[in-house]
Amino acid sequence: MEHKLTAGHSQLAIIALAAALSFGCQFDSGGLSPLDGGGQDALPILDAAADSASDADASSGCVNGEQRCYGPAVQLCTGGAWVTSTVCDWGCNSSSGGYPYCGDPLWAETVDPDTDVGTGQWVAEAGLTVVNTDDGSITTPSGDPLMVDFKKRIHFRSGDLPDVLILGFASITIPQGARVEVRGTHALALVASETITIAGELFAQGQPDGTPGPGGYPGGSDGGPGSRDGGGAPGDRSSLGTLHSGAGGGGFIGAGGAGGTVSQALGTVNGGPGGATVTVDPVDGLLLGGHGGGASAPDVSGWAPGGGGGGALMLAARLSVEIRPAGVVNVGGGAGGTS
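Residues numbered from 1 in each chain as written. Predicted model: local features only at pLDDT ≥ 70, side-chain atom pairs only at ≥ 80, totals over all residues. Heavy atoms only, no water.

> Outline the overall build of the protein, supporting the account with residue identities and numerical values.
The helix and strand inventory of the protein stands at zero helices and 21 strands. Per-residue burial for the protein yields a buried fraction of 50% across its 339 residues. A fraction of 66% describes how many contacts in the protein between residues 6 or more apart in sequence connect residues 24 or more apart. When the accessible surface of the protein is split by element, carbon and sulfur atoms take 53% of a total near 14,500 Å². (Helix = DSSP H or I, 4+ residues; strand = E, 2+ residues; numbered from the N terminus. Buried < 20%, exposed > 50% of the residue type's maximum accessible area, 1.4 Å probe, protein only. Contact = heavy atoms within 4.5 Å. Areas by Shrake-Rupley, 256 points an atom, 1.4 Å probe, with all protein chains shown as cover.)

> Which residues make up the state of the cysteines, and what values go with them?
Applying the stated criterion across every chain yields a total of three disulfides. At a sulfur-sulfur separation of 1.9 Å, the disulfide partner of C62 is C77. As the torsion about the S-S bond is roughly 90°, the C62-C77 disulfide counts as right-handed. Here the residue C62 occupies a position in the loop between β1 (4-6) and β2 (67-70), and C77 occupies one in strand β3 (residues 73-78), the gap between them amounting to 15 residues. In this structure, C62 and C77 share a single accessibility class: buried. Put simply, C69 and C92 are joined by a disulfide, and their sulfur atoms are 1.9 Å apart. Looking along the S-S bond of the C69-C92 disulfide, the torsion reads about -70°, which is the left-handed sense. (Disulfide = S-S within 2.5 Å.)

> Which residues make up the sheet that holds strand β4 (residues 81-87), and what values do they have?
Read from one edge to the other, the open sheet built from three strands follows the order β2-β3-β4, with strand pairing classed as antiparallel. This sheet does not close on itself; its edge strands, each paired only once, are β2 and β4. Taking each pair of neighbouring strands and ignoring which way they run, the sheet shows an average axis angle of 40°. As paired elements, β3 and β4 share six bridges and run antiparallel to each other. Among the inter-strand pairings, V74 is bridged to a residue of β4, identified as T86. (Pairing = 2+ DSSP bridges. Axes fitted to C-alpha atoms, helices over the stretch in contact; angles between N-to-C directions.)

> Got a sec to walk through the sheet that holds strand β19 (residues 313-317)? Specific residues and values, please.
Read from one edge to the other, the open sheet built from four strands follows the order β10-β11-β14-β19, with strand pairing classed as mixed. The open sheet has two edge strands with one neighbour each: β10 (151-155) and β19. For this sheet, the mean angle separating the axes of adjacent strands, direction not counted, is 15°. As paired elements, strand β11 (residues 164-169) and strand β14 (residues 187-192) share six bridges and run parallel to each other. Residue pairing in the sheet places L167 in a bridge with L190 of β14.

> Requested: an account of the environment of Q205, with residues and values cited.
Looking at the secondary structure, you find Q205 in the loop between β16 (201-203) and β17 (262-264). With relative accessibility at 26%, the residue Q205 sits in the partly exposed group. Beyond its immediate stretch of four places on either side in the chain, Q205 contacts R179, P212, G213, N330, V331 and G332. A polar contact of 3.5 Å, which involves the side chain of Q205, links it to the side chain of N330. (Polar contact = N/O pair within 3.5 Å; in protein donor to acceptor, adjacent residues only side chain to side chain.)

> So what's going on with the side chain of R157? Residues and values would help.
Along the chain, R157 turns up in the loop between β10 and β11. By relative accessible area, R157 is classed as buried at 8%. Within the local environment of R157, its side chain forms a polar contact with the backbone oxygen of P162, the two atoms lying 2.6 Å apart.

> Tell me about the packing of aromatic side chains, and name the residues and values.
Under the definition given, this model contains two aromatic pairs. Each ring, one from F150 and one from F169, has its centre 5.1 Å from the other, and the planes form 20°; the classification is stacked. Of this pair, F150 sits in the loop between β9 (137-139) and β10 while F169 is found in strand β11, placing the two residues 19 residues apart along the sequence. Exposure remark for F169: the relative accessible area of 0% places this residue in the buried category. Within the aromatic cluster, the residues linked to one another by ring pairs are W122, F150 and F169. Above the face of the F203 ring, R179 is positioned so that its terminal group lies 3.9 Å from the ring centre. (Phe/Tyr/Trp six-rings, centres within 6.5 Å; stacked < 30°, edge-to-face > 60°. Lys NZ or Arg CZ within 6 Å of the ring centre and 35° of its normal.)

> Describe the pairing of strand β15 (residues 195-198), and please don't skip the residues or the numbers.
The pairing of strand β12 (residues 171-174) with β15 spans three bridges and is parallel. Looking at the pairing, T173 lines up with T197 of β15. In terms of strand pairing, β15 meets strand β20 (residues 320-323) through four bridges, oriented parallel. Bridging across to β20, I198 finds its partner in I323.

> Report on the nonpolar core, specifying residues and quantitative values.
Of all hydrophobic cores here, the largest spans 28 residues; its most connected members are W122, L167, L190 and L202. Mapped by element, the contributors of at least two residues to this core are β11, β12, β13 (178-183), β14, β15, β19 and β20. Setting aside anything within four residues of it in sequence, one finds L167 in contact with V131, G136, I138, F150, K151, K152, L188, A189, L190 and V191. (Core = buried A, V, L, I, M, F, W, Y, C linked by side-chain atoms within 4.5 Å.)

> Pulling in residues and values, what's your account of the environment of T110?
Relative to the assigned elements, T110 resides in the loop between β6 (101-102) and β7 (121-123). Taking the C-alpha atoms as reference, T110 lies 9.9 Å from V164; in sequence the two are 54 residues apart. Not counting residues within four places of it along the chain, the set of residues in contact with T110 comprises D116, R153, H155 and I166.

If you want it as structure tokens, here you go:
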């Protein structure tokens, strides 16, 4: 299975994919799916009052004390039979080796898998579907609103962190030939009580005109830096205005790239520094988009905006999140504009 996560050239972005892991097709718990509680040596908490019903293959026997993932549950071998010890809200994780444990995402405390999901099974149609995080609308390729049952809720955050739109379904499928674009200022959490499958395209990018992806921050304008602490520095020009250097890319989890330096017989103009690495809250920071790139230095022909920071997107499903070989999830930053 191939996971395609592409990024733009102007600034960094974060994608927080919180997936319930199952059936061998899963995200790395140390990579795309930040998980809390437990590692490969972490024992699941055994609840004596938990459901003690064994599954259909209990008669096949097992070694007492052995544990396994069975669907979204952690099971313990007791008396030669598999017995459910813990039912995980967001699925059981056994990808790291050692004992299975509940793979609850760090941001899960803000998402309720029981109340934040609707009964509808969303299968995106061929063509372009637009999700607007400002009003929670989903517009299909025909121009009509999506007509399946889903829940929507805004999670408000303190300070100047962008709020998060939570959209919940029974299942979400983006097949080949379907493209879903996420637009708006709020970050987005797509939640399913069952599965999320992406074989088509899901985009939440920043734009070259400085518009950020959902939950991201704008690129620089009028010869200025990108927004916030991680914004890239603007490009520079020589005193005669004949040489122009590139602007720096936005930073976030890592520093942004420096803009290109121009060196000719008339002199050298250094590129703008890239934006700094930004320290974020370990929970809310997982759903925070990229910072913008710097704008070009202004001259008689004007200035070019810095690329907008990439978007913030979370995919959370109780059973599985799968990105098929042809599937693409893109939360990259926008390339710098041209004047």
